[in-house]
Amino acid sequence: MQIHPHSKFEHISNRHSQQGMQKLLNRLVSKMQRDELVRQTTNQLRESLQVDRVVLYYFYEQWFGQVTFESLISDEFSILGSTGADDCFNNEYAALYLAGRVNAIADIELEPIAPCHRDFLRSMQVRANLVVPILIPRGLWGLLVAHQCHKTHAWSPVDIELMQTAAHTLATDPNILES
């Protein structure tokens, strides 16, 4: 019996290894494309809205998430990695965003919001915010959020439409739908 250095088994093993590497490469490329789209979107929104900060709050588990992207006017406003107030975002809020709620607050000090919500916003130096859901067929993927930190901000219908358009663009991107 002869043993060939390049047996059939070795050929099959190499093919599976190459397929695995190709899958990994495809996932990495998809993630990079998704991240670049989010980065461009948050940067363009911050510049267009002329606000201090625009963030993407991504839900990695039902109603648990964190800020995974941010565009800042200054590094002092960074909240990257912030997970939010656990006791504030609950099923009631989630249901509102699942229904497409857009929340525009011109001044957190005057808005009738829950004390834990106001305290949470204060802790992130927020004075005004605009929140738009990113809805994909599976549900609430994330929140696109604009913050004005040092002063109030009256959100115009154009501001809201711009944020909604950006959220829709993200929600329909194949790389986001797969994540």
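Shown above is the structure to which this text applies.
An account of the accompanying structure is given in this report.

The rules behind these values
Residue numbers here run from 1 along each chain, matching the order of that chain's written sequence. Per-residue local features of the predicted model are confined to residues with pLDDT of at least 70, and side-chain atom pairs are confined, for both listing and counting, to 80 or more; whole-chain, interface and lining totals are unaffected and use all residues. Side-chain metrics in this entry use all non-hydrogen atoms of the structure; hydrogen atoms and water are not considered. Numbered from the N terminus, helices here are DSSP runs of H or I no shorter than four residues, and strands are runs of E no shorter than two. Type-normalised accessible area, obtained with a 1.4 Å probe on protein chains alone, sets the label of each residue: buried when under 20%, exposed when over 50%, and partly exposed for intermediate values. Residue contacts are defined here by distance: any two heavy atoms, one from each residue, within 4.5 Å place the two residues in contact. Note on areas: these come from Shrake-Rupley sampling with a 1.4 Å probe, and a residue is covered only by the protein chains present in the view. The residues that make up patches have over 30% relative accessible area and no salt bridge, and they are joined within 9 Å when like-charged or within 5 Å when they are Val, Leu, Ile, Met, Phe, Trp or Tyr. Each salt bridge in this description consists of a side-chain nitrogen of Lys or Arg and a carboxyl oxygen of Asp or Glu lying within 4 Å of one another. Pairing between two strands is assigned when DSSP locates at least 2 bridges connecting them. In this description, a line fitted to the C-alpha atoms serves as the axis of each element, helices being fitted only across the stretch in contact, and the angle between N-to-C directions of two axes falls anywhere from 0 to 180 degrees. Definition used in this section: a nonpolar core is a set of buried Ala, Val, Leu, Ile, Met, Phe, Trp, Tyr and Cys residues joined via side-chain atoms within 4.5 Å. Classification of ring pairs rests on two measures: the distance between centres of Phe, Tyr or Trp rings, Trp counted by its six-membered ring, which must be within 6.5 Å, and the angle between planes, read as stacked under 30 degrees, edge-to-face over 60 and tilted in between. Charge-over-ring placement is defined geometrically: NZ (Lys) or CZ (Arg) within 6 Å of the ring centre, and within 35 degrees of the ring normal.

**Remarks on the overall build of the protein**
In step 1: Across its full length, the protein carries five helices and five strands.
In step 2: The buried share of the protein, taken over its 179 residues, is 40%.
In step 3: Considering only intrachain contacts with a sequence separation of at least 6, the fraction spanning at least 24 residues in the protein is 58%.
In step 4: Surface summary for the protein: the accessible area is close to 10800 Å², and the carbon and sulfur share equals 54%.

**Overview of a nonpolar patch on the surface**
In step 1: Among the surface-exposed residues, Met 21, Leu 24 and Leu 28 lie close enough to one another that they form a single nonpolar patch of about 280 Å² accessible area.
In step 2: Within the element layout of this structure, Leu 28 appears in helix H1 (residues 8-49).
In step 3: By relative accessible area, which is 45% here, Leu 28 ends up partly exposed.

**Some points on the sheet that holds strand S5 (residues 139-148)**
In step 1: With antiparallel pairing, the five strands of this open sheet are ordered in space as S2-S1-S5-S4-S3. Since the sheet does not close on itself, it has two edges, and those belong to strand S2 (64-72) and strand S3 (103-105), each with one partner. Ignoring strand direction, the axes of neighbouring strands in this sheet form an average angle of 20 degrees.
In step 2: Pairing of strand S4 (residues 128-136) with S5 involves nine bridges; the strand directions are antiparallel. Among the inter-strand pairings, Ile 136 is bridged to a residue of S5, identified as Gly 139.

**Here's the deal with the nonpolar core**
In step 1: Core analysis: the largest hydrophobic core is formed by 22 residues, its most contacted members being Ile 134, Leu 144, Ala 146 and Met 163.
In step 2: Breaking this core down by element, the ones donating at least two residues are H1, strand S1 (53-61), S4, S5 and helix H4 (157-171).
In step 3: Met 163 has contacts with Leu 45, Leu 49, Leu 130, Val 132, Leu 144, Val 145 and Ala 146, leaving out every residue within four places of it along the chain.
In step 4: Formed by 18 residues, the second largest nonpolar core is a distinct cluster that contains Val 55, Phe 59, Trp 63 and Ala 94.

**Structural notes on the environment of Ala 166**
In step 1: Tracing the backbone shows Ala 166 in helix H4.
In step 2: Note on Ala 166: relative accessible area 9%, which makes it buried.
In step 3: For Ala 166 and Val 132, which are 34 residues apart along the polypeptide, the C-alpha to C-alpha distance reads 9.3 Å.
In step 4: With residues near it in sequence (within four places) discarded, Ala 166 still touches Thr 41, Leu 45 and Leu 144.

**Examining the pairing of S2**
In step 1: Relative to S2, S1 is paired through eight bridges, and the arrangement is antiparallel. Note that in S2 the partner of Phe 59 across the bridge is Gly 65.
In step 2: Between S1 and S2, which pair antiparallel one after the other, the connecting turn spans two residues, and Trp 63 there sits at a positive phi close to 65 degrees.

**Some details on the packing of aromatic side chains**
In step 1: Considering all chains together, one arrives at two aromatic pairs under this definition.
In step 2: Arranged with centres 5.3 Å apart and planes meeting at 80 degrees, the rings of Tyr 57 and Phe 59 form a pair that is edge-to-face.
In step 3: On the accessibility criterion, Phe 59 (8% relative accessible area) is buried.
In step 4: Both rings, one in Tyr 58 and one in Trp 141, keep their centres 5.0 Å apart while their planes meet at 65 degrees; by these two values the pair is edge-to-face. Of this pair, Tyr 58 sits in strand S1 while Trp 141 sits in strand S5; the two residues are 83 residues apart in sequence, bridging distant segments of the chain.
In step 5: The partly exposed category is assigned to Tyr 58, whose relative accessible area is 23%.
In step 6: Seen from the ring of Tyr 97, Arg 101 lies directly overhead, with NZ or CZ sitting 5.2 Å from the centre.

No statement about biological role is implied by the geometric values presented.
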